[in-house]
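Structure at a glance
Each chain, written out:
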Amino acid sequence: MNDYQMMVDAYKEAGGDDVFADSEVAHLVLERDKILGMHAVEGLEVEADKISNDTVKVKVTIKEGYKIKNPVHMCFGVLPKEGRQKIEMKVEVQKDAQVEVRADCVFPNAVQVEHIMDAVINIAAGGSYIYKEHHFHGDNGGVEVIAKSDINVESYGKLVTKFDLLKGRVGKIDFDYEANIAEHGTVEMLARISGQQDDLVKIREAAHLKGESARGILDSKIALKDQAEAEIYNELTADAAEAMGHVDCTEIIKDQAIARAIPIVDVRHPEAKVTHEAAIGSVDSTQLQTLMARGLDEEEASEVIIQGLLND
Amino acid sequence: MSKLLEVKDLHLKIEDAEILKGMEFSLEKGEVFALIGPNGCGKSTLAYTLMGINNYHPQKGEMIYKGEKINELAINERAKKGITLAWQEPARYQGVTVREFLSLGLKSQGEEVTEEKLKEALNKVAINPAQYLNRFVDKSLSGGERKRIELASLIFMHPELIILDEPDSGVDIVALNNIAEMINYFKDSGSGILLITHSEEMLEYADRAALVCEGEIIRQGNPADISDYFKSFCFPCAKEEDCETEVAS
């Protein structure tokens, strides 16, 4: 079996849709520094170049006014037990263009794997970029993900990022996303992660609502068990009139897990408003016992509650 | 009718406060037995104790269900034997759809989950399946909607004993009529229902009733008589001496 087929199989096993043969669906498949598949559609350009050992530079451009009908599928990963993948990603969403990207990152056999993503995302006026990233790390816990994004959303632009890692081990995740939002722009950053054993989750998400009527939501939901640890740092600042935002961090912990939530809310205009909620604790006993009164045992009931939280 | 539940001399203390003080009653199959009393008299505590909720373990007395003492059984063990509880304030679940919530009851009974069964259950509580099956069982539902969905979920349990804790609280008249219909549905299906309420209107759905005061049943009998007594002596609370005189008479 060739590398391409192995990546596609790993992608499908992780829950990805079988879209790579569809000529109307743009895609990019990278295994370490190997560009295994690439397909563009009208209005969307994809360039990928290996620039050094283990490193690929990717540029995605959505041309002005184009609304890409089908989600773009990106499949990144490392198939062997050991390896490193670094992606330098630049995304340009031009004026009034719209695209949704579904990125699946698969590391099914990882024992010592490093995945580094350095992204710069520019969304021009009226543009829309929805980025859904789904990770599958296998059961060894040997993945280290380091992701950094610098995001710029111009007036009336829209950014949505949704990250989820709900099956298999996390290993180590270190995110640092920073977004600047102009007038009437919106940003929504969602993270859903389930950690176990000695997994380590570190997330820093910052959005700066700089323009009038800019909107921002930072929403993290994390479930931890065993000795897993998480530190969630959400920062939302508002500097302009009618800028509004909300920070929400919910972490459920079991066993010896440790969770920290650090919400930073910084408002510098009297007509701006930012709210925050943070809740860390065990599974709610009323929720738990209601399900147990339906015949579920404690473990089954906990799983329903945690999966619900992470699916929200 | 055969005895479904017998509660004998049930005492429960929480942090030195004696909440149940020798509670004693029985319930038959297919019977609606209402417990009425003012807020704080121990009704909900009794419901939690019967269901086996954490920290509601009686220090004295017996709960006998279908001839078996259930004092030491865990909540889910009691549920598997056919006992269930509809809470006064049913829990909300982020990210769990009505479809998933209802399916749990079917799965716990080893039954196949089908769209038809889910729709039928929701129709029974006057909830439109097309509008609600994919909604979350979270704060977006009103109190009445949440309570009706709770009752719909009980249908799949095929419960033999249902404890309804204040089913009428916080619901509008439409939901109230529907809850009454569901009480009759479960009764007709042969379930015994322990109906806990502080509203005398609910007593009209009961076959028998008892008045609870400060952790004790002070009077049992015909629901109309209990209702009259409740209205006459509990609002405001009659002095203990007067009340006891009436009980004795």
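Residues numbered from 1 in each chain as written. Chains lettered and ligands numbered in written order. Predicted model: local features only at pLDDT ≥ 70, side-chain atom pairs only at ≥ 80, totals over all residues.

Chain A carries the name SUF system FeS cluster assembly SufBD core domain-containing protein in an unreviewed UniProt entry, which gives Halanaerobium kushneri as its organism.

1. Quick notes on the overall build of chain A
Helices and strands together make up the secondary structure of chain A, namely 3 helices and 19 strands. Projecting the C-alpha coordinates of chain A onto the three principal axes gives extents of approximately 60 × 55 × 35 Å. Residues counted as buried form 48% of the 312 residues belonging to chain A. Restricting the contact set of chain A to residue pairs at least 6 apart, pairs at least 24 apart contribute 78%. (Helix = DSSP H or I, 4+ residues; strand = E, 2+ residues; numbered from the N terminus. Buried ≥ 20, exposed ≤ 12 C-beta atoms within 10 Å, placed from the backbone. Contact = placed C-beta atoms within 7 Å.)

2. Here we look at the domain arrangement of chain A
Residues and elements named next belong to chain A. Assigned domains within chain A: domain 1 (3-283) and domain 2 (284-312). Here the C-alpha centroids of domain 1 and domain 2 sit 28 Å apart. Between domain 1 and domain 2, the contact holds 8 residues from the first and 9 residues from the second. Elements that contribute at least two residues to the side of domain 1 that touches domain 2 include exactly β13 (186-195), β15 (215-224) and β17 (244-253). Class assignment of the residues belonging to the side of domain 1 that touches domain 2 gives a composition of 4 nonpolar, 2 polar and 2 charged. (Domains from an automatic or database assignment. Nonpolar A, V, L, I, M, F, W, Y, C, P; charged D, E, K, R; others polar.)

3. Considerations on the confidence of the model for chain B
Residue and element names in this part refer to chain B. Taken residue by residue, chain B gives an average pLDDT of 90. The fraction at 70 or more is 94%. For chain B, the element scoring lowest by mean pLDDT is helix α9 (residues 240-248), at 50; strand β4 (residues 60-65) scores highest, at 97. Contacts for the low-pLDDT stretch residues 245-249, under 50 throughout, to residues beyond four places or in other chains number 3 contacts. For this predicted complex, the interface confidence reaches an ipTM of 0.89, while the overall pTM sits at 0.82. (pLDDT = per-residue confidence, 0-100.)

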